[in-house]
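# Remarks on the overall topology
Chain by chain, the residues run as shown.
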Amino acid sequence: MVSSRAKKVTTQTLLKMKQTGEKIAMLTSYDYSLARLVDGAGVDVILVGDSASNVMAGNETTLPITLDQMIYHTQCVVNGVDRALVVVDMPFGSYQGDSKTALDSAIRIMKESGGHAVKLEGGSEVAGSVERIVNAGIPVMGHLGLTPQSIYKFGTYTVRAKEETEADRLMKDAKALEQAGCFSVVFEKIPSELAKQASESLIIPTIGIGAGADCDGQVLVLHDMLGITKDFSPRFLRRYADVGQAVEGAVKHFIEDVRSGNFPDESESY
Ligand code: KIV
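Everything in this summary refers to the structure shown in the same document. What you are looking at is a predicted structure, and each value in this text was computed from that prediction instead of being measured.

### Thoughts on the site of the ligand
In the vicinity of the ligand, the contacting residues are Thr28, Leu47, Gly49, Asp50, Ser51, Asp89, Lys119, His143, Glu188, Ile209 and Val221. Contact distances for the ligand include 2.5 Å between an oxygen atom and a side-chain N or O atom of serine 51. Contacts to the ligand include lysine 119, whose side-chain N or O atom sits 3.0 Å from an oxygen atom. Its free accessible area being 260 Å², the ligand has 95% of it covered by the protein chains.

Here is the structure:
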């Protein structure tokens, strides 16, 4: 008998998880090997985030990553995934122009990458595009609060929607995204109380990052929670491992062994 844990996660699974109070675990992945480990460990959603621009390419912002690059990363991830829902970030410039451009980009992602859904940043201003993409049969996840693709508009990565006007706007945007057909929405770096209220008022599941414990699920960037990225320590980030230190230690050990002639030994030779 196949256990229910082995069943593929769909957008319906996530909705049911919200209804039954089961929290959703989401992590990023950008390549086959780590996606395979993350999926095997049982995460519900894998996000091929445009944070690949920072984490994989070393760019300062998420803006430079292209649609072709997002498609490539997703192809690699999909090859390593059996169970999780794979959500793909639509990169900056691929959907902001108009709803036809947005639909064309979403179709390219679905056709060429094998991903299962797309994610885009913004509220009411992208609701028309969300509707058009959803009408084409493509599930869309929204993203509100701190939206890194707008970093040059906001100027900082600090907590968003602390003031009443911005908080009211976020609530309206969340509703607009739900009405447009989003199956879920990410809340990034907003006050916990606002995330709680929004999560309670929405039917669709909310996924928080720096948005407190009352969202329906939580997401972290894999390389941050594994301790691979060293120079990023926001308050919301819990480090579950120090893989960076393990890699550095192993590499130093290898160098020592090569230099001393200790590697390879007889058992490692033909
Ligand atoms: O690109 C990304 O990794 C994201 C998460 C931070 C939600 O959008």
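Once you've had a look at it, read on.
### Notes on the nonpolar core
Grouped burial of nonpolar side chains is what soluble globular proteins tend to show. Counting residues in each nonpolar core, the largest one holds 55 residues, and the members touching the most others are Met90, Val118, Leu120, Val130, Ile133, Phe187 and Ile190. When sequence neighbours within four positions are dropped, the list of residues in contact with valine 118 reads Val87, Val88, Met90, Ala106, Ile109, Met110, Ile133, Ile138, Pro139, Val140 and Met141. Residues Met17, Ile24, Val45 and Ile207 belong to the second largest nonpolar core, which totals 16 residues.

### With respect to the side chain of glutamine 149
With respect to the helices and strands, the residue glutamine 149 is situated in the loop between strand 5 (140-145) and helix 7 (151-154). Classification of glutamine 149 by relative accessible area gives buried; the value is 6%. Here the side chain of glutamine 149 touches tyrosine 95 through a polar contact of 2.8 Å, side chain to side chain. The contact partners of glutamine 149, leaving out residues within four places of it in the chain, are Asp50, Thr62, Leu63, Met90, Pro91, Phe92, Tyr95, Gln96 and Glu121.

### Quick word on the environment of aspartate 50
Turning to its location among the elements, aspartate 50 is positioned in the loop between strand 2 (45-48) and helix 3 (52-55). With 40 residues separating them in the primary sequence, aspartate 50 and methionine 90 have C-alpha atoms 7.5 Å apart. When residues no more than four places from it in sequence are discounted, the contact partners of aspartate 50 are Thr62, Ile65, Met70, Asp89, Glu121 and Gln149. Within the structure, the side chain of aspartate 50 is placed 2.7 Å from the side chain of glutamine 149, a separation counted as a polar contact.

### Remarks on helix 6 (residues 124-135)
With 12 residues, helix 6 ought to run about 16 Å at 1.5 Å a step, and its terminal C-alpha atoms sit 17 Å apart, in line with that. Among all positions of helix 6, only Val126, Ala127, Ser129, Val130 and Ile133 are buried.

### Side note on the pairing of strand 5
When you tally the buried positions in strand 5, you get 6 out of 6 residues, the bulk of the element. Of the strand pairs in this sheet, strand 4 (residues 117-119) and strand 5 are connected by 2 bridges, and their pairing is parallel. Pairing of valine 118 across the sheet is with valine 140, part of strand 5. On the question of chirality, the crossover connecting strand 4 to the parallel strand 5 by way of helix 6 is right-handed. Where strand 5 meets strand 6 (residues 184-188), 5 bridges bridge the pair, whose relative direction is parallel.

### Digging into the packing of helix 8 (residues 164-180) against helix 9 (residues 192-201)
For any two helices packed against each other, one specifies the inter-axial angle together with the distance between the axes. In contact at an axis separation of 10 Å, helix 8 and helix 9 are set at 25° when each is read in the N-to-C sense. One way to sum up the angle between helix 8 and helix 9 is to call them roughly parallel. As helix 8 runs across helix 9, the sense of the crossing is right-handed. Contacts between helix 8 and helix 9 involve Ala167, Leu170, Met171 and Lys175 on the former and, on the latter, Leu194, Gln197, Ala198 and Ser201. Tallied by class, residues from the contact of helix 8 with helix 9 come to 5 nonpolar, 2 polar and 1 charged.

### Here we look at a nonpolar patch on the surface
A cluster of nonpolar residues, Val247, Val251, Phe254, Ile255, Val258 and Phe263, forms a patch on the protein surface that exposes about 500 Å² of accessible area. Isoleucine 255 sits in the partly exposed class, given a relative accessible area of 31%.

### Thoughts on the packing of helix 4 (residues 67-78) against helix 5 (residues 99-113)
The N-to-C vectors of helix 4 and helix 5 enclose an angle of 35°; their axes lie 9 Å apart at closest approach. For the element pair helix 4 and helix 5, the recorded crossing hand is right-handed. Taken together, the residues of helix 5 that come into contact with helix 4 (itself represented by Leu67, Asp68, Ile71, Thr74, Gln75 and Val78) are Ser105, Arg108, Ile109, Glu112 and Ser113. Split by residue class, the contact of helix 4 with helix 5 holds 4 nonpolar, 4 polar and 3 charged.

### Here we look at the sheet that holds strand 2
Either a parallel or an antiparallel arrangement is found when strands of a sheet pair, and the pairing is made through backbone hydrogen bonds. Strand order in the closed barrel formed by 8 strands is 1-2-3-4-5-6-7-8, and the pairing between neighbours is parallel. Taken over all neighbouring pairs, the strand axes of this sheet differ in orientation by 25° on average, direction set aside. Most of the contacts of helix 4 go to strand 3 (residues 85-89), to which it runs at about 170°, and overall it touches strand 2 and strand 3.

### Side note on the pairing of strand 2
Alternating residues of strand 2 divide into Val45 and Leu47 and Ile46 and Val48, and every residue in both groups is buried. Alignment of strand 1 (residues 24-28) against strand 2, held across 3 bridges, turns out to be parallel. Within the sheet, the bridge partner assigned to threonine 28 lies in strand 2 and is leucine 47. For the handedness criterion, the β-α-β arrangement of strand 1, helix 2 (residues 32-40) and strand 2 is classed as right-handed.

Cut-off values and rules
Residues numbered from 1 in each chain as written. Predicted model: local features only at pLDDT ≥ 70, side-chain atom pairs only at ≥ 80, totals over all residues. Heavy atoms only, no water. Near = heavy atom within 4 Å. Polar contact = N/O pair within 3.5 Å; in protein donor to acceptor, adjacent residues only side chain to side chain. Areas by Shrake-Rupley, 256 points an atom, 1.4 Å probe, with all protein chains shown as cover. Core = buried A, V, L, I, M, F, W, Y, C linked by side-chain atoms within 4.5 Å. Buried < 20%, exposed > 50% of the residue type's maximum accessible area, 1.4 Å probe, protein only. Contact = heavy atoms within 4.5 Å. Helix = DSSP H or I, 4+ residues; strand = E, 2+ residues; numbered from the N terminus. Expected span 1.5 Å × (residues − 1). Pairing = 2+ DSSP bridges. Right-handed = clockwise from strand over helix to strand, strands pointing away. Axes fitted to C-alpha atoms, helices over the stretch in contact; angles between N-to-C directions. Parallel < 35°, antiparallel > 145°, perpendicular 65-115°, else oblique. Left-handed = near helix turned anticlockwise from the far one by under 90°. Nonpolar A, V, L, I, M, F, W, Y, C, P; charged D, E, K, R; others polar. Patch = residues over 30% accessible without salt bridge, like charges linked within 9 Å, V, L, I, M, F, W, Y side chains within 5 Å. Salt bridge = Lys/Arg side-chain N within 4 Å of Asp/Glu carboxyl O.

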